[in-house]
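Tertiary structure, described
In case you want the letters, here they are:
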Amino acid sequence: MSTATAIENKSPASAGRFEPRIAAFVCNWCTYTGADLAGTSRVQMMPNVRMVRLPCTGRIDTAFIIKAFERGADGVIVSGCHPGDCHYSEGNYHARRRFAMFKELMNFMGIDERRVTFSWVSASEGRKWGDVVDETIERVRALGPFDDYKTLLEETP
Amino acid sequence: MSRIGVFVCHCGENIARTVDTAAVAQECGKLPGVIHSVDYKYMCSDPGQLMVKQAIAEHKLTGVVVAACSPHMHEKTFRRATAGAGLNPFLCEMANVREHCSWIHESRTAATEKAIDATRMIVEKVKRNAPLSPIHIPVTRRALVIGGGIAGIQAALDIADGGREVVLVEKEPSIGGHMSQLSETFPTLDCSQCILTPRMVEAFQHPRIKLYTYSEVESVDGYIGNFKVTIRKKARSVDEANCNGCGACQAVCPNKKIPSEFDAGLGKRSAIYVPFPQAVPNIPVIDRERCSYFRAKAKGSTKVVCGKCAEACGKGAVHFDQQDTLVTEDVGAIVVATGYRLYDIGKDQDSELLKGYGEYGYGTVPDVIDGMQFERLASASGPTAGKILRPSDGKEPTSVVFLQCIGSRDPSKGIEYCSKICCMYVAKHTMLYKHKVHHGQATVFYMDIRAAGKGYDEFTRRAIEEDGARYVRGRVSRLYRDGEVIKILGFDTLSGEPIEMDADMVVLATAMRPQAGMAELAQKLSVSYDKHGFINEAHPKLRPVETNTAGVFVAGACQSPRDIPDSVAMASATASKILGLLSNEQLEREPTVARVDESTCSACFHCERVCAYGAVEHKDIRDRSGNLVRVVASVNKGVCQGCGTCLATCPSKSLELDGFTDAQIHAAIMAF
């Protein structure tokens, strides 16, 4: 199955209510492990999130977020260790600054910043991860599909 | 062209219950580059692993994707299987369809769809995985122990007895720590010094222990197996090689009324002093802030004032002009064993909350002392030679009141935790008091009696039942001096009655706090610490003596309040960890490290500024005749920990992180 048809098959129209597609970029040590804990504790959550594991939030290039939107994501979650708890001492501080700036850029470009969730979820916060996922899905569902890129692509000759 | 094999695990029913594993295998089999796709009940079992190995051989696979549990669970297993079949282990990755899928969703359709997506993303990533080999780094096979209390001594002795050299650094003039100040120890009431001093001497004389007393760690560079530690040897003003510890200098020193730190301020010492008679090493130090010679010099006087100690020294060992010296030591592992200090309610002002307990009048009401001062009063080597006497008038107190949980378990005073040892040492104090003052009455105000430990509860019962200590459950709201006695106003929460009583002496069981300066030391070592300053262990249950920095370990009360048996056990645990580490000539590390594309690096060194480990170095690029062409960034693979912060910061995208390259991540996103 080509990726294009995969997107087509999951287009909002095929479901009764709009099911947003969320990409999550998470660090290996806190949030990924926290999501593992959510699994072992059987914390139920909505299935709209697709996860990309990275060593640290410091590794998360803002280009990843843009790429996800380009590929049809309606929302993005970025999550890592709490400030002060970074496995790599301070990667999440760099990430925090980078994303503060990125939000400004999103506003400038006219992308609703509510489509992106930045959160800190530690390895012991399985339930919190479930909450972050569900809250983000509900918020993005209310915002509706992210069509800006699609429109842009159509407009571009 | 990639030849990827996909292996979908049922995990018994764990995955298969909510995910249609056959459908996942079928769908993934259609992906471009996937030439083999199967599902099986237990992939991690021997037959499951054999399936992977056989498929690699049979289909000449160039990549393996296992859709199963979390990579934290079984990535190692499947990478080992992959390597066993002759394929580079880093060409194998896992898609998490259990913790992140089957266990958290109910809808079979949605879970199956998610599992297919997750597997497809990993397939696209694996197509771009490169074969990697583990990094080997050499190991300096000796250790540094910071802190010469009982934990540090035990760790040093265990490592040295295990055959490795140890550098033991102690900031005070003598090793021994707080344990050397104690009178007797619970729950056996054996004399603290009698069990400690032989260990101190053993550490001092051990051929494989290098002891630095009156010294502090100045800086730490490097990484596991290869630390370079700079130690500041503070100027002792006494030549350690020449001094024979005769004590003549102390006898002639005219400043003899300085409160002794060892006696918790109850005894006196001279300006040139050995902290206590059994000190190791038995070499005095000059307290430059109290010594007349140095004080005159500090004021700018050119006249030589005093100098009697130098005259009295037959060996010419007193050197007023000695300076601090810096020495460096190479070690492969570090133990932090810096111990604790007691919450000084009169003086600790480092946060707004810690100013509390004015109502207990510590430092202003005479004969209100803390637990350590009581230890010194009860100690045979103490200022009263073991007699329990009031500090104010030297009278024997007939009634002593002990207040527990001073600071501890009191969020309003800034310390929420239980200091763990106070219930036990207060019970011990009541017994020591009764054994020395037979007609005396000990009263204890407590919140709860926490006496968990071998023989501990029996010990507190003995204090109450055999030695007649009166335990009152409740807090004291106020105490003040009334003539000869101290008036105590409190409340018995069991009877519901207010209590008013007189005491000759009050002992406060103040909280245990980490040593001052812990934050600075932790930062030098890049280890994390909690809001109180206690060092964080790597995992509270499974890695209790490691820290978040590889190669740095923790022992004793600098990690959390601990008693002697706990500290010793922890120290021995660190020693066994370190002996294991130092048994290797080389260490193997995951090859997830950054590398620089030198052709595009513009030498802006943003990467150097964001690197928490100092792994980015400057590299000169020279032409054939040796002329400098330009400078580029270069990553030291031994130091790099692989966080990837430098990549996201690099404006020219000249950095890559093996295992998580931009190409890999973008491919995963494109398969989203």
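Residues numbered from 1 in each chain as written. Chains lettered and ligands numbered in written order. Predicted model: local features only at pLDDT ≥ 70, side-chain atom pairs only at ≥ 80, totals over all residues.

A word on the overall build of chain B. Scanning chain B for helices and strands turns up 18 helices and 34 strands. With respect to the three principal axes, the spread of C-alpha positions in chain B is 95 × 75 × 45 Å. Counting the 672 residues in chain B, one finds 48% classified as buried. Contacts in chain B between residues far apart in sequence, at least 24 positions, make up 70% of those at least 6 positions apart. (Helix = DSSP H or I, 4+ residues; strand = E, 2+ residues; numbered from the N terminus. Buried ≥ 20, exposed ≤ 12 C-beta atoms within 10 Å, placed from the backbone. Contact = placed C-beta atoms within 7 Å.)

The subject of this paragraph is the domain arrangement of chain B. Quite often, the size of an interface is put as the accessible area lost when its parts meet. Split by domain assignment, chain B resolves into domain 1 (4-127), domain 2 (142-234 + 324-339 + 515-582), domain 3 (248-312), domain 4 (340-513) and domain 5 (594-670). Taking the mean C-alpha position of each, domain 1 of chain B and domain 4 of chain B sit 63 Å from one another. (Domains from an automatic or database assignment.)

Let us now look at helix 1 (residues 21-29) of chain B. Every buried residue of helix 1 of chain B is listed here: Thr 21, Val 24, Ala 25, Glu 27 and Cys 28 of chain B. The buried residues of helix 1 of chain B occupy an angular sector of 165° when projected down its axis, which confines them to one face. (Arc of directions from axis to C-beta.)

Residue and element names in this part refer to chain B. In spatial order, the strands read 2-1-3-4; together these four strands make up an open sheet with parallel pairing. A single partner strand is all that each edge strand has here, and the edge strands are strand 2 (34-40) and strand 4 (92-96). Put simply, the sheet's adjacent strands are angled 20° from each other on average, direction ignored. Here strand 1 (residues 4-9) pairs with strand 3 (residues 63-68) via five bridges, running parallel. (Pairing = 2+ DSSP bridges. Axes fitted to C-alpha atoms, helices over the stretch in contact; angles between N-to-C directions.)

Okay, the interface of chain A and chain B next. Chain A puts 37 residues into the contact, and the matching count from chain B is 41 residues. If you tally residues by element for the side of chain A that touches chain B, the top one is helix 2 (residues 31-40) of chain A, at six residues. Residue classes in the side of chain A that touches chain B are distributed as 17 nonpolar, 10 polar and 10 charged. (Nonpolar A, V, L, I, M, F, W, Y, C, P; charged D, E, K, R; others polar.)

All names here are of chain A. Contact pair helix 2 / helix 5 (residues 126-143): the axes reach a minimum separation of 7 Å and the direction vectors enclose 95°. Classified by the angle their axes make, helix 2 and helix 5 are roughly perpendicular. Across the interface between the two elements, Thr 31, Gly 34, Ala 35, Leu 37 and Ala 38 from helix 2 touch Gly 126, Arg 127, Trp 129 and Gly 130 from helix 5. Residues that form the contact of helix 2 with helix 5 fall into these classes: four nonpolar, four polar and one charged. (Parallel < 35°, antiparallel > 145°, perpendicular 65-115°, else oblique.)

If you look at the biggest cluster of nonpolar residues, it comprises 134 residues, and the most contacted ones within it are Ala 143, Ala 156, Ile 334 and Val 335 of chain B. Once residues within four sequence positions are removed from consideration, Ile 334 of chain B is found in contact with Ala 143, Leu 144, Ile 146, Phe 227, Leu 525, Gly 551, Val 552 and Phe 553 of chain B. Core analysis: the next-biggest nonpolar cluster, separate from the first, contains 113 residues, Tyr 32, Cys 56 and Ile 65 of chain A together with Val 97 of chain B among them. (Core = buried A, V, L, I, M, F, W, Y, C linked by C-beta atoms within 7 Å.)

Summarising the model, chain A shows a mean pLDDT of 87, and 90% of its residues fall at 70 or more. Here residues 1-14 of chain A is modelled with pLDDT under 50, and outside its nearest four sequence neighbours on either side it reaches 11 contacts, counting other chains as well. (pLDDT = per-residue confidence, 0-100.)

If you want to describe how two helices pack, look at the angle between their axes and the distance between the axes. All names here are of chain B. Relative orientation of the contacting elements helix 5 (residues 108-127) and helix 18 (residues 662-670) amounts to 150°, with a least axis distance of 8 Å. If you check the angle between helix 5 and helix 18, you find them roughly antiparallel. By crossing handedness, the relation of helix 5 to helix 18 is classed as right-handed. On helix 18, the residues touching Met 121, Glu 124, Lys 125 and Lys 127 of helix 5 are Gln 664, Ala 667, Ala 668 and Met 670. (Left-handed = near helix turned anticlockwise from the far one by under 90°.)

Turning next to the pairing of strand 4 (residues 116-120) of chain A. Residue and element names in this part refer to chain A. Along strand 4, four of the five residues are buried, which leaves the element largely enclosed by surrounding structure. Sheet topology places strand 3 (residues 75-80) next to strand 4; five bridges connect them, and they run parallel. Paired with Ile 77 across the bridge in strand 4 is Thr 117. Each parallel crossover has a hand, and the one from strand 3 via helix 4 (residues 91-109) to strand 4 is right-handed. (Right-handed = clockwise from strand over helix to strand, strands pointing away.)

This part covers the environment of Val 506 of chain B. Mapped onto the elements, Val 506 of chain B comes out in strand 27 (residues 505-510). In this view, Val 506 of chain B contacts Asp 367, Val 368, Val 401, Leu 403, Leu 479 and Ile 486 of chain B; residues no more than four positions away in its chain are not counted.

On to the environment of Val 169 of chain B, then. Residue and element names in this part refer to chain B. By secondary structure assignment, the location of Val 169 is in strand 7 (residues 165-169). Expressed as a C-alpha distance, the spacing of Val 169 and Tyr 212, which sit 43 residues apart in the sequence, is 4.8 Å. If near-sequence neighbours (up to four positions away) are discounted, Val 169 is found in contact with Leu 144, Ile 146, Tyr 212, Ser 215, Val 217 and Ile 231.

Glancing now at the sheet that holds strand 12 (residues 226-233) of chain B. Residue and element names in this part refer to chain B. Here we have three strands laid out as an open sheet, ordered 11-12-17, and antiparallel in their pairing. Bordering the open sheet on either side are strand 11 (215-223) and strand 17 (325-331), each of which pairs with just one other strand. Recorded for the sheet is a direction-independent mean angle of 20° between the axes of neighbouring strands. Here strand 12 pairs with strand 17 via seven bridges, running antiparallel. Each residue of the ladder has a partner; that of Val 229, found in strand 17, is Glu 329.

What follows concerns unusual backbone geometry. The omega torsion across Phe 186 of chain B and Pro 187 of chain B is -5°, close enough to zero to call that bond cis. For Pro 187 of chain B, the location among the structural elements is in the loop between strand 8 (184-185) and strand 9 (190-191). Following Val 280 of chain B, the chain continues into Pro 281 of chain B via a peptide bond in cis, with omega recorded as 0°. Among the secondary structure elements, Pro 281 of chain B is positioned in the loop between strand 15 (272-273) and strand 16 (285-286). Positive phi, normally seen in glycine, also occurs at Arg 42 of chain A, with a value near 55°. For Arg 42 of chain A, the location among the structural elements is in the loop between helix 2 and strand 2 (49-54). Residue classification places Arg 42 of chain A among the exposed residues on the basis of 10 C-beta atoms within 10 Å.

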